[in-house]
Amino acid sequence: MDFNVKKLASGAGLFFTRAVQYTGEKLGQAEKTELDAHFENLMSRADCTKNWTEKMYRQTEVLLQPNPSARIEEFLYEKLDIKAPSRVTNSELLGQYMQDAAKEFGLGAPYGSTLLTVGEYERRLGAAEREFLQTSAISYLTPLRNFLEGDWRTISRERRLLENLRLDLDACKARLKKAKLAEAKAAMAPDFQETRPRNYVLSASASALWTEEVEKAEHELRVAQTEFDRQAEVTRLLLEGISSTHVNHLRCLHEFVEAQAAYYKQCHLHMQDLQKELASLPNAFAVSSTHSVAMPSSASDCVGSPVETDTLKIEEVQAPATGTRKAKVLYDYDAADSSELSLLADELITVYTVPGMDSDWLIGERGNQKGKVPVTYLELLS
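As a convention, each chain's residues are numbered from 1 in the sequence order in which they are written. This being a predicted model, a pLDDT of at least 70 is required before a residue's local features are given, and a value of 80 or more before pairs of side-chain atoms are given or counted; all residues contribute to the totals for chains, interfaces and linings. The basis for every side-chain value is the complete set of non-hydrogen atoms in the structure, without hydrogens or water.

An unreviewed UniProt entry annotates the protein as Endophilin-B1 of Parambassis ranga. What the UniProt record of the protein gives under Sequence similarities (unreviewed entry) is the line "Belongs to the endophilin family." Turning to the protein, the UniProt record has this under Subunit (unreviewed entry): "Homodimer, and heterodimer with SH3GLB1." UniProt positions are given in the numbering used here, feature names are shortened, and annotations may be inferred rather than shown by experiment.

A. How the structure looks around the overall build of the protein. Helix and strand labels come from DSSP, where a helix needs a run of H or I of at least four residues and a strand needs a run of E of at least two; each type is numbered from the N terminus. Along its length, the protein carries nine helices and five strands. The helix and strand sequence of the protein, counted from the amino end, reads α-α-α-α-α-α-α-α-α-β-β-β-β-β. The rule is simple: take the accessible area with a 1.4 Å probe, protein chains only, and divide by the maximum for that residue type; under 20% is buried, over 50% is exposed, in between is partly exposed. Burial status across the protein gives 31% buried among its 382 residues. We call two residues in contact whenever any of their non-hydrogen atoms come within 4.5 Å of each other. Long-range contacts, defined here as pairs at least 24 residues apart, represent 69% of the contacts in the protein between residues at least 6 apart. When the accessible surface of the protein is summed, it comes to about 24,900 Å², and 57% of that surface belongs to carbon and sulfur atoms. Here the open area of atoms and residues is found with the Shrake-Rupley method and a 1.4 Å probe, where only the protein chains shown may cover a residue.

B. Representation of the packing of aromatic side chains in the model. Geometry of aromatic contacts follows a simple scheme: Phe, Tyr and Trp rings, the Trp one being its six-membered ring, pair when their centres are within 6.5 Å, and the pair is stacked under 30 degrees between planes, edge-to-face over 60, tilted otherwise. Taken as a whole and assessed by the stated rule, the structure comprises eight aromatic pairs. Residues Phe132 and Tyr263 carry aromatic rings whose centres are separated by 4.9 Å and whose planes lie at 10 degrees to one another, so their mutual orientation is stacked. Placement of Phe132 in helix α5 (residues 110-186) and of Tyr263 in helix α7 (residues 242-280) is noted, with a sequence separation of 131 residues between them. Per residue, the accessibility class of Phe132 equals that of Tyr263, and both read buried. Consider the rings of Tyr263 and Tyr264, whose centres lie 5.1 Å apart with planes at 50 degrees: the pair is tilted. For Tyr263, a relative accessible area of 15% corresponds to the buried category. Taken together, Phe132, Tyr140, Phe256, Tyr263 and Tyr264 form an aromatic cluster joined through their ring pairs. Sitting over the face of the ring of Trp361, Lys372 holds its NZ or CZ atom 5.2 Å from the ring centroid. Here, over-ring charges are defined by two tests on the NZ atom of lysine or the CZ atom of arginine: distance to the ring centre within 6 Å, and angle to the ring normal within 35 degrees.

C. Focus on the sheet that holds strand β4 (residues 369-374). Two strands qualify as a pair provided DSSP detects at least 2 bridges between them. What the five strands build is an open sheet, ordered β4-β3-β2-β1-β5; its pairing is antiparallel. Single-partner strands in this sheet number two, and they are β4 and β5 (378-380). Put simply, the sheet's adjacent strands are angled 40 degrees from each other on average, direction ignored. As paired elements, strand β3 (residues 361-366) and β4 share six bridges and run antiparallel to each other. By the bridge assignment, Glu365 is partnered in β4 with Lys370. Axis geometry follows a simple rule: fit a line to the C-alpha atoms, using only the stretch in contact for helices, then measure angles between N-to-C directions, giving values from 0 to 180 degrees.

D. Geometry of the nonpolar core. Of all hydrophobic cores here, the largest spans 35 residues; its most connected members are Phe132 and Leu239. For this core, the secondary structure elements donating two or more residues are α2 (37-64), α5, α6 (197-240) and α7. Here the element with the most residues in this core is α5; it accounts for 16 residues. If near-sequence neighbours (up to four positions away) are discounted, Phe132 is found in contact with Leu64, Phe256, Ala259, Gln260 and Tyr263. Among the nonpolar cores identified, the runner-up in size contains 13 residues, and Ile349, Val373, Val375 and Leu378 belong to it. Grouping buried Ala, Val, Leu, Ile, Met, Phe, Trp, Tyr and Cys residues that are joined through side-chain atoms within 4.5 Å yields what is termed a nonpolar core.

E. Region of interest: the pattern of salt bridges. Salt bridges are defined by distance alone: a side-chain nitrogen of Lys or Arg within 4 Å of a carboxyl oxygen of Asp or Glu. Throughout the structure, instances matching the rule amount to 13 salt bridges. Between Lys50 and Glu54 there is a salt bridge; the shortest N-O distance is 3.3 Å. With Lys50 and Glu54 both in helix α2 and four residues apart, the pair spans about one turn of that helix. Classification of Glu54 by relative accessible area gives partly exposed; the value is 29%. The partner of Glu92 in a salt bridge is Arg130, and the shortest N-O contact between them spans 2.0 Å. On the criterion of sequence distance, the pair formed by Glu92 in helix α4 (residues 90-105) and Arg130 in helix α5 is long-range, its members being 38 residues apart. Here Glu92 falls in the buried class, since its relative accessible area comes to 13%. In this structure, a network of salt bridges that share partners links the residues Asp36, Glu233 and Arg236.

F. Fine view of the layout of surface pockets. In this analysis, the protein atoms alone were mapped onto a 1 Å grid. Cavities are point sets where a 1.4 Å probe fits without being able to get out; pockets are open sets with protein on both sides within 12 Å along at least five of seven lines; lining residues have an atom within 4 Å of a point. Grid points are joined across faces, edges and corners, and a volume is the space filled by probe spheres set on the points. Within this model, the largest pocket holds a volume of roughly 1,600 Å³. The wall of the largest pocket is formed by 45 residues, among which Gln65, Glu74, Leu133, Ala137 and Leu141 lie closest to the centre. Looking at the lining of the largest pocket, the elements that each hand over two or more residues are α2, α3 (68-79), α5 and α7. It is α5 that provides the largest number of residues to the lining of the largest pocket, a total of 14 residues. Gly counts as polar in this scheme, as do all residues outside two lists: the nonpolar Ala, Val, Leu, Ile, Met, Phe, Trp, Tyr, Cys and Pro, and the charged Asp, Glu, Lys and Arg. Class assignment for the residues of the lining of the largest pocket results in 21 nonpolar, eight polar and 16 charged.

G. How the structure looks around unusual backbone geometry. You will see that Asp346, though not glycine, has its phi angle at about 75 degrees, which is positive. Turning to its location among the elements, Asp346 is positioned in the loop between β1 (325-329) and β2 (348-352). Exposure remark for Asp346: the relative accessible area of 57% places this residue in the exposed category.

H. The pairing of β3, seen in detail. The sheet contact formed by β2 and β3 spans three bridges and is antiparallel. Across the sheet, the residue bridging to Tyr352 is Ile363, located in β3. Taking the residues that link successive antiparallel strands as the turn, the β3-β4 hairpin has two residues, and the phi of Gly367 there is positive, at about 65 degrees.

I. Just the packing of α2 against α7, in detail. The interhelical angle for the contact between α2 and α7, taken along N-to-C directions, is 20 degrees, at an axis separation of 12 Å. When the axes of α2 and α7 are compared, the pair comes out roughly parallel. Taken as a pair, α2 and α7 cross one another with a handedness that is left-handed. Contacts from Arg45, Ala46, Thr49, Thr53, Thr60 and Leu63 of α2 reach α7 at Ile242, Ser243, His246, His249, Phe256 and Gln260. Roughly parallel here means an angle under 35 degrees, roughly antiparallel means over 145, roughly perpendicular means 65 to 115, and every remaining angle is called oblique. Left-handed describes a crossing whose near helix is turned anticlockwise from the far helix through less than a right angle; right-handed describes the clockwise counterpart.

Laid out in structure tokens, this is it:
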């Protein structure tokens, strides 16, 4: 119990001494030991590394998991050392819904069979996304977090210890300076004409006491300087290790980019395969033409859209240059002017082409009525 009380009192005295020294420095009333320029640059570089690493880590977390609730849940599982349950991606969930809907609508119907196919590819996209998330978490997020929670905490702890030893060192310098001033004052030549010899005796005694105090302060200063120099070297080595951290994070960044490239390439291949399968399905054009309603009215707005060009393939379903054929109207269409023909969904009309006409249009006839009709609103019958 006595030992604990003494230790507590010693710690409180040390804390008070540091507080006094720190306050004096802030008020400009005490001298401060300055670190060399190289050391200051190392600390500045370390702080910069920590700040930007933390920002990149947080934003990468948001990129890989936009849902904040899911991120909090994963954090709690990690802190509790419990394996997090497997989470279904949004694409996989959408694919499952599409496949379930296809069974309800009928797999033999065009809509049902298309839903089944698209749902399967959505699930493949979701599986690719889950693999990308796992790879990125291991190759990129984990090293960044290890630095923030491991190396940086060690650096911060050693820097705090160095700052405390620096305060102790400056406090020792201040005590030594004060003791030397007192010793010089006490050592001033006494007045031998003084009628009271006792004053001379007291002056000599005080000088001896301050000399002893100076020696004690010098010893404490040497000890404090040694501890400070040792801690400064330890901290310097840790700060110089930031260069190795940069090299490690550079390698992790390359791995993250490779994972992204592989993921997007796989998604692109899945979508190409999906388009090919949709084109081979019965009534594929009828299904794909449903997207043409939302297409821009101007042909120039569609330039540079490879998805629409590959899906519609209008030129492959054009009517022969001569002769006529039947066509089924897919959607209602209101004529924009007298040169066009209004259409009603599900009606049958006769269509043909004329030389020089835009390939997006045909001439349609219904009884005595005649006018231009858009190809995308028709299903051409053989």
